[in-house]
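So the chains spell out like this:
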Amino acid sequence: METIALASNWNIERIIDSLDQHGYALIDEAYSSTYLSDLVTECTSNLDRFRDAAIQNGVVSNIRSDHILWINDELVHAQHHIEQLNGLAQEFNRYFYLGIKEVEAHFACYNAGEFYALHRDNPQGKNGRMISSVLYLHEDWQSDWGGELRLQDKHEQWHIIEPKPNRIALFQSDLLHEVLLSKQQRLSITAWLRSHNSIW
Ligand code: OGA
Ligand code: MN
């Protein structure tokens with residue numbers, strides 16, 4: 001992976017320390033407002049291409065009701081976020097020896113009434129996902145709109161994380177978490193820093 005300059009307000013030491021101590025970290029005001037609004041536009045202008053996340057290979061699951069769009073080269077603004085995460089991955093590899101080689105990501109949209117029940121992103125430690133990240137994109141969020149990320153940290157303490165716009169939540173992919181029912185449209189990019197491709 002090439003070296004990427006991280007956004008200047010990303011305090012790498014604090015992020016690494018928080019991941020080390022708790023298994024998760026938050027980056028608030030992650031990006032400039034111009035870049036964030038480019039991302040929001042890229043997300044909202046493609047909403048008609050989002051697919052039901054609960055349907056995978058024709059099988060319907062009832063644990064989630066959000067809609068997603070996998071990110072490819074054509075989504076240029078989202079690609080920039082992925083490059084940033086690649087830069088972060090290099091730091092994590094240096095400190096935690098995670099062997100991260102790639103980042104995969106999708107946009108996600110939870111419409112009012114949608115949720116993602118309790119799960120782990122790497123339930124059996126086999127799919128290569130080491131660190132999960134979620135960047136929240138909606139322009140405004142109020143604390144009574146639901147849609148919180150509820151996460152159990154590495155000491156089994158529960159945390160309720162508000163999906164504040166321009167916030168990135170980072171957490172170990174083996175931790176238990178859920179997205180509580182959202183009362184408004186909730187937009188994000190979920191990305192996984194992974195050591196290898198899925199062997200499922
Ligand atoms: C996921 C997920 C959390 C969030 O996409 O796997 O758990 O806050 N997302 O959107
Ligand atoms: Mn998840």
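Residues numbered from 1 in each chain as written. Chains lettered and ligands numbered in written order. Predicted model: local features only at pLDDT ≥ 70, side-chain atom pairs only at ≥ 80, totals over all residues. Heavy atoms only, no water.

**Some details on the coordination of the manganese ion (ligand 2)**
Working reference: metal with six octahedral donors, ideal angles 90 or 180 degrees; metal with four tetrahedral donors, ideal angle 109.5 degrees.
Next, step 1: Protein coordination at the manganese ion (ligand 2) comes from His-119 (NE2), Asp-121 (OD) and His-177 (NE2), with a distance range of 2.1 to 2.2 Å.
Next, step 2: Read from N- to C-terminus, the donor residues coordinating the manganese ion (ligand 2) fall into the pattern H-x1-D-x55-H. Of this pair, His-119 sits in strand β7 (residues 116–119) while His-177 sits in strand β12 (residues 177–179), and the two are 58 residues apart along the sequence. Across the pair, His-177 and His-119 agree in class, each one buried. (Donors = N, O, S within 2.8 Å, 3.2 Å for Na, K, Ca; no water. Helix = DSSP H or I, 4+ residues; strand = E, 2+ residues; numbered from the N terminus. Buried < 20%, exposed > 50% of the residue type's maximum accessible area, 1.4 Å probe, protein only.)

**Focus: the site of ligand 1**
Next, step 1: For ligand 1, the full set of nearby residues is Tyr-116, His-119, Asp-121, Val-134, Tyr-136, Leu-149, His-177, Val-179, Arg-186, Thr-190 and Trp-192.
Next, step 2: Take Asp-121: an N or O atom from its side chain is 3.2 Å from an oxygen atom of ligand 1.
Next, step 3: Arg-186 places a side-chain nitrogen or oxygen 2.8 Å from an oxygen atom of ligand 1.
Next, step 4: Contact with the protein chains removes 99% of the 290 Å² of surface that ligand 1 exposes when unbound.
Next, step 5: Counting atoms within 2 Å of the grid points, the majority share of ligand 1 lands in the largest pocket.
Next, step 6: Of all the elements in the fold, those that place two or more residues in the shell around ligand 1 are β7, β8 (129–136), β12 and β13 (186–194).
Next, step 7: It is β13 that provides the largest number of residues to the shell around ligand 1, a total of three residues.
Next, step 8: Classifying every residue of the shell around ligand 1 gives six nonpolar, three polar and two charged. (Near = heavy atom within 4 Å. Polar contact = N/O pair within 3.5 Å; in protein donor to acceptor, adjacent residues only side chain to side chain. Areas by Shrake-Rupley, 256 points an atom, 1.4 Å probe, with all protein chains shown as cover. 1 Å grid on protein atoms, 1.4 Å probe; cavity = no way out; pocket = protein on both sides within 12 Å on 5 of 7 lines; lining within 4 Å. Sits in = over half its atoms within 2 Å of the grid points. Nonpolar A, V, L, I, M, F, W, Y, C, P; charged D, E, K, R; others polar.)

**A look at the packing of aromatic side chains**
Next, step 1: Within the structure shown, the criterion is met by six aromatic pairs.
Next, step 2: Both rings, one in Trp-10 and one in Tyr-31, keep their centres 5.7 Å apart while their planes meet at 50 degrees; by these two values the pair is tilted. Separated by 21 residues along the polypeptide, Trp-10 in the segment before α1 (12–22) and Tyr-31 in the loop between β1 (24–27) and α2 (33–44) bring together distant segments of the chain. For the pair formed by Trp-10 and Tyr-31, the shared burial category is buried.
Next, step 3: Through a chain of ring-to-ring contacts, the aromatic side chains of Trp-10, Tyr-31 and Tyr-35 assemble into a single cluster.
Next, step 4: Taking NZ or CZ as reference, Arg-129 lies 3.7 Å from the ring centre of Trp-192, over its face.
Next, step 5: For Arg-186, the ring lying beneath its charged end belongs to Tyr-110, and the centroid distance is 5.0 Å. (Phe/Tyr/Trp six-rings, centres within 6.5 Å; stacked < 30°, edge-to-face > 60°. Lys NZ or Arg CZ within 6 Å of the ring centre and 35° of its normal.)

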